[in-house]
Every structure is written in C-alpha cells, then in structure tokens.
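What the coordinates show
This is what each chain is made of:
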Amino acid sequence: ANEQNSNVPFLSVVDSIDPSSSYFEQCRRNGVTTSAIVPGNSTMIGGRSAIVKTAGGYVNDMLVVRDAGLKISLRPIRGSRMSHLARLRRELDVAKRSIKEEKEKDDKNEDSKDEGKKDDKKKEESKDDDSKDDKKSDDEKEKSDADKEPEKEEAESLRQLKRLLRGEQEAFVYCDAPMDVAQAITLSRQYGFKAKLVLDADCYKASKLLADADATVILDPELVIWENDPRTREAKKVVVTRVLDDADVDFVFQANLGSSPQSVGSGYFWFQAATAISYGMDRSEALERLTLAPAKLLGIEKWVGSIEAGKDADLVIYSGDTLKLDSWVLK
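From a predicted model like this one, the values you see are computed outputs, not experimental measurements. (Residues numbered from 1 in each chain as written. Predicted model: local features only at pLDDT ≥ 70, side-chain atom pairs only at ≥ 80, totals over all residues. Heavy atoms only, no water.)

**A short note on the packing of aromatic side chains**
What characterises a pair of aromatic rings is the spacing of the ring centres plus the angle enclosed by the ring planes. On inspection of all chains with the given rule, the structure shows four aromatic pairs. Judged by centre distance (6.4 Å) and plane angle (45 degrees), the ring pair of Tyr268 and Trp270 falls under tilted. The cationic tip of Lys196 hangs over the ring face of Phe172; the distance from NZ or CZ to the ring centre is 5.1 Å. Sitting over the ring of Phe251, Arg289 keeps its end group 4.0 Å from the ring centre. (Phe/Tyr/Trp six-rings, centres within 6.5 Å; stacked < 30°, edge-to-face > 60°. Lys NZ or Arg CZ within 6 Å of the ring centre and 35° of its normal.)

Next comes the structure, spelled out in structure tokens:
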C-alpha cells in the first residue's frame, strides 16, 4: 500500500519496512529469501523501491539495494487516462528541461572565458543579498518548518526524476490495462528511461507489443483467468504464461505474499511455477523464473539467484519436491 498523492518520488519504502512483519516470516516459510519491495499502484509517480533479504533484526541488516527503482503507475488515480498521462508527461518534461538547462549551463562554463568573472560578480551580489537579508527582522527571515517542507519535497521529487532520465535508476511501471503497455513503451523511449513493466493479468492481450519491445515483464499473480466472449457470453480460459511463451515474451513471476486472506494461487511464489509447468512449461525453465531470472531483472544476480562460487550462501532446504503442495521449507 502507498500514499494516495499523485507525485511522491521523495518517499522510500525503506522508511516503512518492519522487520518483524509477518510478511517476512511468510516469505521465509515459502522459500523466498530475497524480495523486491515496491510501492503500490495508487500513485502516478510513487516512491522508491528497495531489495531486501527476508531475514534480519534491523532494516539496514536486510538491505541488498536501498534504491532499486522508482514506481510509476499508469492506473488513473483521478479523472481519465488522458489527464493522468498528461500530468505524468508534465512532470517528466520539467525534469527533462532541468537537465537541459544544467547541460547548457555547463557548456557555457566551459566555452566562455568570462564566466569566472561573472561567477565572482554573482557571488558578490549574493553576499550583498545576504547582508540585506541579515538586516531583515527574524520574523521576516525565518520560515517555519511547515513552509520549508513542501519545497524540500518538490526539490527531491525533481532530483529523483532527473536521476531516472539520466539512467541512474530504473522504473517499475505498472500497466493496469493492455492499452497501458503501449503507453509505457512509448514513454520509456520518448524520455529515455529504463522500465520494468509490471502487468495486470489482462495485459497478455498486448503480447505482440511486449515481444517487439524485447522486454522482460513481471506478471500478475493470477496466471489463469476466465473471460466471457462479448457476443456469445461463452466462458474462455486464458493461460497467461502460455500466451506470452507463444509470443516469445520473457517474464518472471510475482506473488501476493502477505496478502490477507492468503490464497494458494496468488499467495505462493512456488505455485506460480507449478501452475506454468502444469500448462506445459519446462520444469527447469520455471525454476529459473523463480530464481536467476528475477535476480537478473533486479540486477542482483552477482549475489543471489543460483548456487555459484562467490555468491551468497542463500539456500533453501525443502522436505521434498520444491513445487509439490505437500512439501515445506525445513531450513
């Protein structure tokens, strides 16, 4: 869950992680040793994600990556999709202009011989301004913390968006509907940022777009959905993993661990792989989509995701077959 405000990139999930939460215990009991904690979908530009180990007494002990990417949601928070995208582009345009202005300023500093004198003059002027400010009364000079806070948040929001557009961080972009996939791809190309697409179950309908974009996507926990034909009203079963596999779309799984009430289907990470196998996926491929593939997607494969020399001894011991319902985690 997250803030309802539309633009909060100054927030970080690190500040809301509770190591004693039952979520982390459920992760360990279900064989999940590393988790990407990402803000929810109720914002336009959400806070920053983090990657953590699911064991530890303190947040700093658990952190693998503190800033693992900014959250962007294409689900309209208020109004239409048109107005939502317009507001999103406006924020990105502000960051883009700011980067351009900084670059132009840097170029002028390099090319102009007189820039040093101008800088000195500016410093003198600022000193004069400071001396004038000193003469002002304390009541006029001091701002309350409440007045300063919005300015700090606005500056931090702009800084985080500039980091995104410079390629210093990536974005988790949530697509609420198939049409959002096209918008997400267009936005990432237009503004030059890297995007990890997080799909709603219905987004399988954009499989051709996803294949053409050569994107590794994060699936919705619901892998098998039922739809009614709009004309005949006949129910049809859609296996999302099969559709995306047939379209050559690379994907990893997602689970609603810690959700309440806990459901077997969407609530267990291993169940995603077992479901895919039951509909034709190769077992080794399904296991990789639980382990090494998400580690690569998150950029942490040098630590976790496979058993190799030099990596973390990040192991799970089961009572039996990893993907069987009657197996459980021993250690």
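Structure's up, so let's keep going.
**Digging into helix H1 (residues 22–29)**
Inspection of H1 places Tyr23, Phe24 and Cys27 among the buried residues, and these make up the whole buried set. An end-on view of H1 places all buried positions within 95 degrees of arc, on one side of the element. Contacts made by the buried residues of H1 are with strand S1 (34–37), strand S3 (50–53) and helix H2 (59–62). Just past H1, the residue Gly31 takes up positive phi, approximately 80 degrees. (Buried < 20%, exposed > 50% of the residue type's maximum accessible area, 1.4 Å probe, protein only. Helix = DSSP H or I, 4+ residues; strand = E, 2+ residues; numbered from the N terminus. Arc of directions from axis to C-beta. Contact = heavy atoms within 4.5 Å.)

**Observations concerning the pattern of salt bridges**
Proximity of charged atoms lets side chains of opposite charge pair with each other. Evaluation of the coordinates by the stated rule reveals 21 salt bridges. A salt bridge links Asp67 to Arg163, with the shortest nitrogen-to-oxygen separation between them at 3.9 Å. Of this pair, Asp67 sits in the loop between strand S4 (63–65) and strand S5 (70–73) while Arg163 sits in helix H6 (residues 145–165), placing them 96 residues apart in sequence. A salt bridge links Arg289 to Glu285, with the shortest nitrogen-to-oxygen separation between them at 2.3 Å. Residue Glu285 is classed as partly exposed on the basis of its relative accessible area, which comes to 29%. A single salt-bridge network, built from bridges that share partners, covers Arg48, Asp67, Arg163 and Glu168. (Salt bridge = Lys/Arg side-chain N within 4 Å of Asp/Glu carboxyl O.)

**Structural notes on the nonpolar core**
Ranked by size, the top nonpolar core spans 60 residues in total, and within it Leu88, Phe193, Leu197, Val217 and Phe253 carry the most contacts. The element best represented in this core is helix H7 (residues 178–191), accounting for five residues. Beyond its immediate chain neighbours, meaning those up to four positions away, Phe253 contacts Ile218, Leu223, Thr241, Phe269, Gln272, Ala273, Ala276, Met281, Ala286, Arg289 and Leu290. The next biggest cluster of nonpolar side chains, apart from the first, holds seven residues, and it includes Phe172, Ile218, Val252 and Ala293. (Core = buried A, V, L, I, M, F, W, Y, C linked by side-chain atoms within 4.5 Å.)

**Some thoughts on the packing of helix H3 (residues 81–111) against H7**
Running from N to C, H3 and H7 cross one another at 15 degrees; their axes reach a closest spacing of 12 Å. By the angle class used here, H3 and H7 are roughly parallel. At the point where H3 passes H7, the crossing takes the right-handed sense. Counting all contacts with H3, which are made through Arg81, Leu85, Leu88, Arg89, Leu92, Asp93 and Lys96, the residues of H7 involved are Met179, Asp180, Gln183, Leu187, Gln190 and Tyr191. Considered class by class, the residues forming the contact of H3 with H7 number six nonpolar, two polar and five charged. (Axes fitted to C-alpha atoms, helices over the stretch in contact; angles between N-to-C directions. Parallel < 35°, antiparallel > 145°, perpendicular 65-115°, else oblique. Left-handed = near helix turned anticlockwise from the far one by under 90°. Nonpolar A, V, L, I, M, F, W, Y, C, P; charged D, E, K, R; others polar.)

**Here we look at unusual backbone geometry**
Despite not being glycine, Asp214 shows a phi value in the positive range, around 55 degrees. Looking at the secondary structure, you find Asp214 in the loop between helix H8 (207–213) and strand S8 (216–218). On the basis of relative accessibility, which here comes to 71%, the residue Asp214 falls in the exposed class. A positive phi angle is found at Arg233, which is not glycine, with a value near 65 degrees. Mapping Arg233 onto the fold places it in the loop between strand S9 (224–228) and strand S10 (235–239).

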